[in-house]
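If you want the building blocks of each chain, they are given just below.
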Amino acid sequence: MTDQTDPNQISRAAWEANAQVWDERMGDEGNDFFRLLCWPALTDLLAVQHGQKILDVACGNGLTSRKLADLGAEVTAFDFSANLIELAKTRPHASLITYQVLDATDEAALLAHPSAPFDAALSNMALFDMPAIEPLFAALRKLLKPGGCFVFSITHPAFNNPSSNHIVEEWDEGGIKIQYAIKTSRYLTRFQSAGVALRNQPQPQLYFHRPLEYYLKVAFANGFVLDGFAECGFPPETPQAHPLSWGGKFSEIPAVVIARMRLGVNS
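Engineer: So what's going on with the overall build of the protein? Residues and values would help.
Structural biologist: Along the protein, the regular secondary structure elements total seven helices and eleven strands. What you see for the protein is a C-alpha radius of gyration of 19 Å, in line with the 18 Å of a compact globule of 267 residues. Based on the C-alpha atoms only, the size of the protein along its principal axes is roughly 65 × 40 × 35 Å. Looking at the protein as a whole, 52% of its 267 residues are labelled buried. Within the protein, residue pairs in contact and separated by at least 24 positions form 67% of the contacts whose partners lie at least 6 positions apart. When the accessible surface of the protein is summed, it comes to about 12,300 Å², and 51% of that surface belongs to carbon and sulfur atoms. A distance of 3 Å separates the average location of the 21 positive side-chain charges in the protein from that of its 29 negative side-chain charges.

Here it is, written out as structure tokens:
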């Protein structure tokens, strides 16, 4: 039974309910966010070498896990949704990837991982689904080899957070002008909010908003340094599935942030 007062349990229940729809939508190639924004920057910052041991944090249906395996990495992947892990195991390359049901907010469980140490860790669009990120960063400090890196992507906290509204304005300035923009009312204060990642998903999930400074402070406190960074927006030619959904009309506004945090050799 789900504890309706525990944000992590509420979040887990939502992802268990949404697993099938999420797997069908993401498939083996992902959505526009993944294909156009996240994966190109993630692969650039990870610079995967054949045979590297990589930990895929909150792997969902294993989309990034399979991509990493294609690049020759030795992949261990986990998610707190048992349904998503079972679906990941039905996808290609399952025999090449070690999948586990594991909670990224459980530091003790993470530290008991038998495959450590890892050369690198990856988390694609998942940290904002976690009510706490401190346990993960504390664990990664010990799970990664000295000099190892943690590369993560998140929705841009300033422009793509739960308080952000997409707007379009039209005015006459010697001719009709149209401008697409983002209006946001909250950024600096952490908060949680229910929302949907897919318009047709069965159940809303929780988003846990944090300013970018918060992510960096937690990383720095655990011995990481920032040595790679990208803010990615959609190319102008990208079509939009809905009139005000993310796409080329918002090409000047980054929808995602990708960061590479490297563990100091003396950490």
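Read on, since the account is not over.
Engineer: Lay out a nonpolar patch on the surface in plain terms, naming residues and giving numbers.
Structural biologist: Side chains of Val168, Ile176, Ile178 and Leu244 sit close together on the surface and give an oily, nonpolar patch of about 350 Å² of accessible area. In this structure, Ile178 sits in strand β7 (residues 176-183). You can call Ile178 exposed: its relative accessible area is 53%.

Engineer: Report on the pattern of salt bridges, specifying residues and quantitative values.
Structural biologist: A full pass over the atoms with the stated rule returns eleven salt bridges. Linking Arg66 and Asp28 is a salt bridge whose minimum nitrogen-to-oxygen distance equals 2.9 Å. Of the two residues, Arg66 sits in helix α3 (residues 63-70) while Asp28 sits in the loop between α1 (7-26) and α2 (32-46), which places them 38 residues apart along the sequence. Exposure remark for Arg66: the relative accessible area of 3% places this residue in the buried category.

Engineer: Requested: an account of the environment of Met125, with residues and values cited.
Structural biologist: Structurally, Met125 is set in the loop between β4 (118-124) and α6 (134-143). Judged by relative accessible area, which is 18%, Met125 ranks as buried. Separated by 65 residues in sequence, Met125 and Gly60 have C-alpha atoms that sit 9.9 Å apart. Setting aside its immediate chain neighbours within four residues, Met125 contacts Phe33, Cys38, Ser153, Ile154, Thr155 and Val256.

Engineer: Kindly report on the sheet that holds strand β10 (residues 224-232), identifying the contributing residues and their values.
Structural biologist: Read from one edge to the other, the open sheet built from seven strands follows the order β3-β2-β1-β4-β5-β11-β10, with strand pairing classed as mixed. Each edge of the open sheet carries a strand with a single partner, namely β3 (97-101) and β10. For this sheet, the mean inter-axis angle between neighbouring strands, taken without regard to orientation, is 15 degrees. Here strand β5 (residues 144-155) pairs with strand β11 (residues 256-263) via seven bridges, running antiparallel. Bridging across to β11, Val151 finds its partner in Arg260. The strands that α3 touches are β1 (53-57), β2 (74-79), β3 and β4; relative to β3, the one it contacts most, it runs at about 160 degrees.

Engineer: Any details on the packing of aromatic side chains? Residues and values, ideally.
Structural biologist: One pass over the structure, following the stated rule, counts eleven aromatic pairs. Note on Phe150 and Phe152: the rings are 5.6 Å apart at their centroids and 45 degrees apart in plane angle, and the pair reads as tilted. Neither Phe150 nor Phe152 differs from the other in exposure class; each is buried. Both rings, one in Tyr180 and one in Phe250, keep their centres 5.6 Å apart while their planes meet at 80 degrees; by these two values the pair is edge-to-face. Taken together, the positions of Tyr180 in strand β7 and Phe250 in the loop between β10 and β11 put the pair 70 residues apart, joining distant regions of the chain. Judged by its relative accessible area of 25%, Tyr180 falls in the partly exposed class. Note on Phe250: relative accessible area 1%, which makes it buried.

Engineer: Residues and numbers for α3, please.
Structural biologist: Taken across its eight residues, α3 has seven buried, putting it largely inside the fold. Leu63, Thr64, Ser65, Arg66, Lys67, Leu68 and Ala69 are the residues of α3 that are buried. A positive phi of about 95 degrees marks Gly72, the residue just after α3.

About the criteria used
- Residues numbered from 1 in each chain as written.
- Predicted model: local features only at pLDDT ≥ 70, side-chain atom pairs only at ≥ 80, totals over all residues.
- Heavy atoms only, no water.
- Helix = DSSP H or I, 4+ residues; strand = E, 2+ residues; numbered from the N terminus.
- Rg over C-alpha atoms; globule rule 2.2 N^0.38 Å.
- Buried < 20%, exposed > 50% of the residue type's maximum accessible area, 1.4 Å probe, protein only.
- Contact = heavy atoms within 4.5 Å.
- Areas by Shrake-Rupley, 256 points an atom, 1.4 Å probe, with all protein chains shown as cover.
- Lys, Arg positive; Asp, Glu negative; His and termini not counted.
- Charge placed at Lys NZ, Arg CZ, Asp CG, Glu CD.
- Patch = residues over 30% accessible without salt bridge, like charges linked within 9 Å, V, L, I, M, F, W, Y side chains within 5 Å.
- Salt bridge = Lys/Arg side-chain N within 4 Å of Asp/Glu carboxyl O.
- Pairing = 2+ DSSP bridges.
- Axes fitted to C-alpha atoms, helices over the stretch in contact; angles between N-to-C directions.
- Phe/Tyr/Trp six-rings, centres within 6.5 Å; stacked < 30°, edge-to-face > 60°.

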